Amino acid sequence: MKRILISLLEDRVALIGSAGTAWTVALKHIHTSVGILVGLLTIVYLTIKIRQELKRKRDD
């Protein structure tokens, strides 16, 4: 095990890749929450813009 850790510390690319994989697994729930929040905000924004456009066309 010590030999694997030493080889990871010597190879920065492998260390960065391993850290990225670990963070992705650890922060999975945050990614899901942010994705849902962004999706809901997009729906609200588009609904407001469509209403404004329909109102503008109706007034013309």
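Residues numbered from 1 in each chain as written. Predicted model: local features only at pLDDT ≥ 70, side-chain atom pairs only at ≥ 80, totals over all residues. Heavy atoms only, no water.

Participant: I'm lost on the overall build of the protein in this one. Help?
Facilitator: Helix and strand counts for the protein come out as three helices and zero strands. Order of helices (α) and strands (β) in the protein, N terminus to C terminus: α-α-α. With respect to the principal axes defined by its C-alpha atoms, the protein has extents near 75 × 20 × 5 Å. Counting all 60 residues of the protein, 0% fall into the buried class. Looking at the protein as shown, the accessible area adds up to about 5,900 Å², and 69% of this sits on carbon and sulfur atoms. Charge separation in the protein, taken as the distance between the mean sites of 10 positive and 5 negative side-chain charges, equals 6 Å. (Helix = DSSP H or I, 4+ residues; strand = E, 2+ residues; numbered from the N terminus. Buried < 20%, exposed > 50% of the residue type's maximum accessible area, 1.4 Å probe, protein only. Areas by Shrake-Rupley, 256 points an atom, 1.4 Å probe, with all protein chains shown as cover. Lys, Arg positive; Asp, Glu negative; His and termini not counted. Charge placed at Lys NZ, Arg CZ, Asp CG, Glu CD.)

Participant: Is there a simple way to explain the pattern of salt bridges in this structure?
Facilitator: Pairs may arise between side chains of opposite charge once their charged atoms sit close together. For the structure shown, the criterion picks out one salt bridge. Notably, a salt bridge pairs glutamate 53 with arginine 56, separated by 2.5 Å at the nearest N-O pair. Remark: arginine 56 and glutamate 53 occur in helix α3 (residues 28-59); sequence separation between them is three residues, near one turn of the helix. Glutamate 53 gets classed as partly exposed once you look at its relative accessible area, which sits at 33%. For arginine 56, a relative accessible area of 46% gives the class partly exposed. (Salt bridge = Lys/Arg side-chain N within 4 Å of Asp/Glu carboxyl O.)

Participant: How should the confidence of the model for the protein be read in this particular structure?
Facilitator: In regions of low pLDDT, the predicted coordinates are not meant to be interpreted in detail. Model confidence for the protein is summarised by a mean pLDDT of 85, while 95% of its residues fall at 70 or above. The lowest-confidence element of the protein is helix α1 (residues 2-10), averaging 72 in pLDDT; the highest-confidence one is α3, averaging 92. (pLDDT = per-residue confidence, 0-100.)

Participant: Whenever I open this one, a nonpolar patch on the surface confuses me. Can you help?
Facilitator: A surface patch of nonpolar side chains, amounting to about 420 Å² of accessible area, comprises Tyr45, Leu46, Ile50 and Leu54. Within the element layout of this structure, tyrosine 45 appears in helix α3. (Patch = residues over 30% accessible without salt bridge, like charges linked within 9 Å, V, L, I, M, F, W, Y side chains within 5 Å.)

Participant: Looking at this structure, how should I read the packing of helix α2 (residues 12-26) against α3?
Facilitator: Their axes nearest at 4 Å, the elements α2 and α3 cross at an angle of 60°. Relative to α3, the element α2 is oriented oblique. Every residue of α3 that contacts α2 at Thr24, Val25 and Ala26 is listed here: Lys28, His29 and His31. (Axes fitted to C-alpha atoms, helices over the stretch in contact; angles between N-to-C directions. Parallel < 35°, antiparallel > 145°, perpendicular 65-115°, else oblique. Contact = heavy atoms within 4.5 Å.)

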